[in-house]
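Understanding the architecture of this molecule
Listed below, chain by chain, are the residues.
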Amino acid sequence: MVKLLLVEDDVNLSYIVQTALEDLIGGYQVFTAPNGAEGLKQWEEHHPDVIVSDIDMPVMNGFDMVRRIRETDKTTPILFGSALTSPRDVKEGYKLGVNNYVKKPFVPDELDAHIHALLKLTEGRKSTDETDHFRLGRYTLDGPRAILRDDTTGEVETLSVREAGLLQLLAENKNETVRREAILSRLWGTEEKDYFASRSLDVFVNKLRKLLADEPRVEIKTVRGVGLMLIEKEG
């Protein structure tokens, strides 16, 4: 069963699409949200297999929601649905990381076909890539096992689940800045200015820097006032 997040401010359309998809053979579990802000909450809570979203919505539009999601999640397929989409909107969406556009009103069978095509592509990428193992200079991070291995000596450092999650998040976004708010939301479940969570993040960063200190090509850089960036230099 496919877990789908439908972000749509038209209540009637949302209900029609949800009902139609849940009635299809093979089945969907559909979570709905009326705007991008609620969509972010549903995404964090349910970890959907695919997201279908409107663009123009109150509170937070589809572009801003996708921008926030793609800060920490590069792989979940996202489709934008819109009745009238300008070339500029299409370009902006793809730039942000949207995978495809679907014309509204939705035809359930057509939407189902788009979704399964995207899921097939995503699974194909996952099968060919080691998405949970990351090379960091002389080190390899094994995310699921929370292990950092020195490939030159064979020594293994066991990390806490949150330390491994932080290093993996930075590795997934290598050479890109990840906002502190996005990190705290993903790993601590808070976007608020939580002093203790923020201090805990700083402690974890310092420990990871010490673990990587013998590898001059890898650096966890603080982008002041914004967030963190894992840099890997060539050489």
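Keep in mind that this is a model prediction, so the values were computed, not measured.

This part covers the overall build of the chain. On a plain count of helices and strands, the chain comes out with eight helices and 12 strands. By residue count, 45% of the 235 residues in the chain fall in the buried class. Across the chain, the fraction of contacts at a sequence separation of at least 24, relative to all contacts at a separation of at least 6, is 57%. Surface exposure of the chain reaches about 13,000 Å², of which carbon and sulfur atoms provide 51%. Between the centroid of the 32 positive side chains of the chain and the centroid of its 41 negative side chains there is a distance of 7 Å.

Attention now moves to the pattern of salt bridges. The full count for this structure, using the stated rule, is 17 salt bridges. Across the salt bridge formed by Asp 150 and Arg 138, the nearest N and O atoms sit 2.9 Å from each other. Separated by 12 residues along the polypeptide, Asp 150 in strand E8 (residues 147-150) and Arg 138 in the loop between strand E6 (133-136) and strand E7 (139-142) bring together distant segments of the chain. Residue Asp 150 is classed as buried on the basis of its relative accessible area, which comes to 7%. Residue classification places Arg 138 among the partly exposed residues on the basis of a relative accessible area of 21%. Between Arg 180 and Asp 202 there is a salt bridge, with its nearest N and O atoms 3.0 Å apart. Of this pair, Arg 180 sits in helix H7 (residues 180-188) while Asp 202 sits in helix H8 (residues 195-211); the two residues are 22 residues apart in sequence, bridging distant segments of the chain. Look at Arg 180 and you get partly exposed, because its relative accessible area is 23%. Sharing partners across several salt bridges, the network here consists of Glu 8, Asp 54 and Lys 104.

This part takes up H8. The first and last C-alpha atoms of H8 sit 25 Å apart over 17 residues, in line with the 24 Å expected at 1.5 Å per residue. Within H8, burial applies to Ala 197, Leu 201, Phe 204, Val 205, Leu 208 and Leu 211. Projected onto a plane normal to the axis of H8, the buried residues spread over an arc of 120 degrees and lie on a single side. Projecting away from the buried face of H8 at angles above 90 degrees are the exposed residues Tyr 195, Phe 196 and Lys 210.

Position of Arg 217 among the secondary structure elements: in the loop between H8 and strand E11 (218-223). Here the side chain of Arg 217 touches Glu 215 through a polar contact of 2.8 Å, side chain to side chain.

Time to look at the sheet that holds strand E4 (residues 78-82). Across a sheet, strands are paired by hydrogen bonds formed along the backbone, either parallel or antiparallel in direction. In spatial order, the strands read E2-E1-E3-E4-E5; together these five strands make up an open sheet with parallel pairing. The open sheet has two edge strands with one neighbour each: strand E2 (28-33) and strand E5 (100-103). Looking at each pair of strands side by side, their axes are set apart by 25 degrees on average, direction ignored. Relative to E4, strand E3 (residues 50-53) runs parallel, the two sharing three bridges.

Under the definition given, this model contains four aromatic pairs. With centroids separated by 5.7 Å and ring planes inclined at 35 degrees, the aromatic side chains of Trp 188 and Phe 204 adopt a geometry described as tilted. With Trp 188 in helix H7 and Phe 204 in helix H8, this pair connects stretches of sequence that are 16 residues apart. The pair formed by Trp 188 and Phe 204 is uniform in burial state, with each residue classed as buried. Put simply, the rings of Phe 63, Phe 80, Tyr 94 and Tyr 101 pair up and form one aromatic cluster.

With that settled, consider the pairing of strand E12 (residues 227-232). Burial analysis of E12 places five of its six residues in the buried class, the great majority of the element. Pairing of E11 with E12, which is carried by six bridges, proceeds in the antiparallel orientation. Following the sheet pairing, Ile 220 is matched in E12 by Leu 230. With antiparallel pairing between neighbouring strands as the criterion, E11 and E12 make up a hairpin whose turn holds three residues, including Gly 225 at a positive phi of roughly 80 degrees.

Thresholds applied
- Residues numbered from 1 in each chain as written.
- Predicted model: local features only at pLDDT ≥ 70, side-chain atom pairs only at ≥ 80, totals over all residues.
- Heavy atoms only, no water.
- Helix = DSSP H or I, 4+ residues; strand = E, 2+ residues; numbered from the N terminus.
- Buried < 20%, exposed > 50% of the residue type's maximum accessible area, 1.4 Å probe, protein only.
- Contact = heavy atoms within 4.5 Å.
- Areas by Shrake-Rupley, 256 points an atom, 1.4 Å probe, with all protein chains shown as cover.
- Lys, Arg positive; Asp, Glu negative; His and termini not counted.
- Charge placed at Lys NZ, Arg CZ, Asp CG, Glu CD.
- Salt bridge = Lys/Arg side-chain N within 4 Å of Asp/Glu carboxyl O.
- Expected span 1.5 Å × (residues − 1).
- Arc of directions from axis to C-beta.
- Polar contact = N/O pair within 3.5 Å; in protein donor to acceptor, adjacent residues only side chain to side chain.
- Pairing = 2+ DSSP bridges.
- Axes fitted to C-alpha atoms, helices over the stretch in contact; angles between N-to-C directions.
- Phe/Tyr/Trp six-rings, centres within 6.5 Å; stacked < 30°, edge-to-face > 60°.

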